[in-house]
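Listed here are the chains, written in short residue letters.
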Amino acid sequence: MTTLADPVPGGRPGEVERATALSGELSGRGVHGIVLAYVDTAGIGRVKAIPTAKLPSAVAWGVGMSPVFDTFLADDSIVTTDALGSPDGDLRLYPDLGGLVVLSGQPGWAWAPVDRIAQEGDPHPGCSRTFLRHLVTDSARRGIAFRASIEIEWTVGQGPSAAGELLPATTGPAYGATRQVELSDCAADLLAALAEQGVDVDQLHPEYAAGQFEVSVGALDPVAAADRSVLVRQTIRAVARRHGLVVSFAPAVVAEGVGNGGHLHLSAWRDGVNLHAGGDRRHGMTAEAESFTAGVLTRLPALTAVTAPSPASYLRLKPSRWAGAFTAWGRETREAGVRVITGTTGLQDRSANIEIKPVDLAANPYLALGCVIAAGLDGMAMSTPLPQETTGNPELLDTGQARARDVRRLPTSLGEAVAEFRADEVLRTALGPVLTDAVIAVREGEIAAVDGLDDAGIAAAYRWRY
Ligand code: GLU
Ligand code: MG
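Within each chain, residues carry numbers counting from 1 in the order of the written sequence. Whichever chain is written first becomes A and whichever ligand is written first becomes 1, with later ones labelled in order. A pLDDT threshold of at least 70 governs which residues receive local features in this predicted model, and a stricter bar of 80 or more applies before side-chain atom pairs are shown or counted, although totals over entire chains, interfaces and linings include all residues. Side-chain metrics rest on all non-hydrogen atoms present in the structure, leaving aside hydrogens and water.

A. Representation of the sheet that holds strand 8 (residues 152–157). The strand order across the open sheet formed by 4 strands is 9-10-8-11, and the pairing between neighbours is antiparallel. In this open sheet, the two strands that pair with only one neighbour each are strand 9 (201–206) and strand 11 (246–248). Neighbour-to-neighbour, the strand axes of this sheet turn through a mean angle of 25°, independent of strand direction. Strand pairing follows a simple DSSP-based rule, namely that at least 2 bridges must link the two strands. Counting from the N terminus, the helices are DSSP H or I runs at least four residues long and the strands are E runs at least two residues long. Bridge analysis of strand 8 against strand 11 gives 3 bridges, and the strand direction is antiparallel. Bridging from a neighbouring strand, Gly 157 pairs with Val 246 of strand 11. Any two residues whose heavy atoms approach within 4.5 Å at even a single point are treated as in contact. Note on geometry: axes are lines fitted to C-alpha atoms, helical ones only across the stretch in contact, with angles between N-to-C directions running from 0 to 180 degrees. On the sheet, helix 5 (residues 184–196) packs against strand 8 and strand 9 and is oriented at approximately 165° with respect to strand 9.

B. Looking closely at the site of ligand 1. When we say a residue is near a molecule or strand, we mean one of its heavy atoms is within 4 Å of it. As a matter of local geometry, ligand 1 sits amid Glu 153, Glu 207, Glu 214, Val 258, Gly 259, Gly 261, His 263, Arg 316, Arg 321, Trp 322, Ala 323 and Lys 357. Polar contact is defined as a pair of N or O atoms within 3.5 Å, subject to the rule that within protein one atom must be able to donate a hydrogen and the other to accept it, and that residues adjacent in sequence are counted only when both atoms are side-chain atoms. At 3.0 Å from a nitrogen atom of ligand 1 is found a main-chain nitrogen or oxygen belonging to Gly 259. Considered on its own, ligand 1 offers 300 Å² of accessible surface; in the complex 94% of this is hidden by protein. Each residue is assigned to one of three groups, with Ala, Val, Leu, Ile, Met, Phe, Trp, Tyr, Cys and Pro labelled nonpolar, Asp, Glu, Lys and Arg labelled charged, and all others, Gly among them, labelled polar. Split into classes, the residues belonging to the shell around ligand 1 amount to 3 nonpolar, 3 polar and 6 charged. In these tables, accessible area is a Shrake-Rupley quantity obtained with a 1.4 Å probe, and a residue counts as shielded only by the protein chains included in the view.

C. Region of the structure containing the packing of helix 7 (residues 287–298) against helix 8 (residues 300–307). At a closest axis distance of 6 Å, the pairing of helix 7 and helix 8 adopts a crossing angle of 70°. As summarised for this structure, helix 7 and helix 8 are arranged roughly perpendicular, according to the angle between their axes. Only Leu 300, Pro 301 and Leu 303 of helix 8 make contact with helix 7, whose side of the interface consists of Val 296, Leu 297 and Thr 298. Angles are sorted into four bins: roughly parallel if under 35 degrees, roughly antiparallel if over 145, roughly perpendicular if 65 to 115, and oblique for all others.

D. Summary view of the coordination of the magnesium ion (ligand 2). Water is not among the atoms examined, so metal sites may look incomplete; donors are the N, O and S atoms within 2.8 Å of the metal, or within 3.2 Å for Na, K and Ca. Coordination of the magnesium ion (ligand 2) by the protein is provided by Glu 153 (OE), Glu 207 (OE) and Glu 214 (OE), with metal-donor distances spanning 1.8 to 2.2 Å. Along the chain, the residues donating to the magnesium ion (ligand 2) fall in the pattern E-x53-E-x6-E. Residue Glu 153 is found in strand 8, and its partner Glu 207 is found in the loop between strand 9 and strand 10 (212–217); the two are separated by 54 residues along the sequence. Working definition: with a 1.4 Å probe on protein chains only, accessible area under 20% of the residue-type maximum means buried, over 50% means exposed, and in between means partly exposed. The buried category is assigned to Glu 153, whose relative accessible area is 8%. Under the relative-accessibility criterion, Glu 207 is labelled buried at 9%.

Set out below in C-alpha cells:
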C-alpha cells in the first residue's frame, strides 16, 4: 500500500517549489544545515545532515543511506535478517516538510523527520515511520482517528565521570523545589526553545529519581506525536549541553530504583468524538473504547518487546515504581499497565485517554505507537471484553483476585518479551515480515550483547546510549 503522503522520486506535486522557497527563507534566518532524523529498530536516533541549499534536492530525490541501520544494535554492532543487515543496497531519506522545525537549542540548524523509500520508489518495508503512517491512514479510512502523546523522563548529569557513571546534576528531593532552583536557567532555556519550536508543553517538573526530570506535551496525531518525541529529546540534549550538562533517556540509568519512563497516552476518536468519554460503559468509556483498551491490555506482554526493547528496560519494569508492570487496568491507578484517565470534570471530552505505562524511551516511538494502536484496533474488531478493574497495587492481589481480573506480571526480561512477541500474530501481521524479523533479530542481539553482565553492568552498558 502507498498513500499520498509517501515520498516519490522527483518529489510530490508542489513540494520541490515549497522546499525551494523554504530553503531561501531558512538561509535568511541563519540556518546552515538540516538534520534528517529517524529512529532505528533498537531505538537509537540516527541522522544525516544536509546544507540548507540542498533541501529542494532532498525533497525531490532523497538522501542516500544504507538499510543496514535497521539491524544496528544500541552499541552499533550489526545483526542480520533474511532481508536486512547486508552491506548491499541503498535507501533514500525524504524529509517531511510538514515536520521541519528550526532548532532553537542548536543555532544554525533545522530538523526534519524522514521517511525512507527504495531507490525504485517503493516504501521501505523497514521504515517505522511509514509503518505507523500507513496504519493510521488505513484506520482513518475506516472512520477511526487517534490522538497521542509521549511523556519524556530523563536524568541530568554533571557530565559522565571517567568511569562513565552518573553524577546527578541536582541534589534536592523528589519533585522538590530545590531541584527546580538548581536547574533554573537550563529549564527556562528548555521551555523557551520548545515554545519557539511550536511544542506545546503541558508540564515540566523534577521527578522521583536522582537528577530526574519530566516533560509532558500536548496530544497530536500519532505520527506527529512520535516526531515530537524525537524532537523534544534532541532539544533537551542540546539545551543541556549548552549548560555543560549531559542527559540520559535510558530506562535505567542506574540498576536500582525508579527508572525513566516514556508513558504513552492514546485516545481513539470517531467522527471527531472521543470514544473514551461520554459513553455508557465504565468511567464514561464507550463500548469501542473498552474493547480498544482490552485489545491493548491483552497484548501488553508481547508489546513489551517493542515498548520496552532494551535489556535495561527490565531493570525499570518492576512493581512499585509506577512503571506499570502488570496486565491490569484501573482509573488513575499508577501501578497498572494501563491507566484509564477520564480527565477533570469539564474537560473529559477532550482529555479522556488511556496511558500505557510499560513504555520507555529506548522504544522506537513509531513502532511503539503503531503496535499499541494495532493491538487496540484488534480489540475493537473482536469486541474484546475489558476485564474487571484493578484498584491499588496489583502485586497485592491474591491468586483468585488476579485470575478473575486476568492480571499477570509482565515479562521480567527481554527474552521473555521476545517469546511473547514471537507468538503474537496480530502484532506480527501489523508489522509485516521485514519489521517483525528486524525486531526479533535486534532484541536477540541485545540479549546476546549483555550475556554475563549483572544488573549494574547492564545499566552501565546502556546508560549513555539513549
Ligand atoms: N518513572 C516512572 C516510570 O519509570 C514513572 C513515574 C510517573 O508516573 O511519572 O515509568
Ligand atoms: Mg513521571
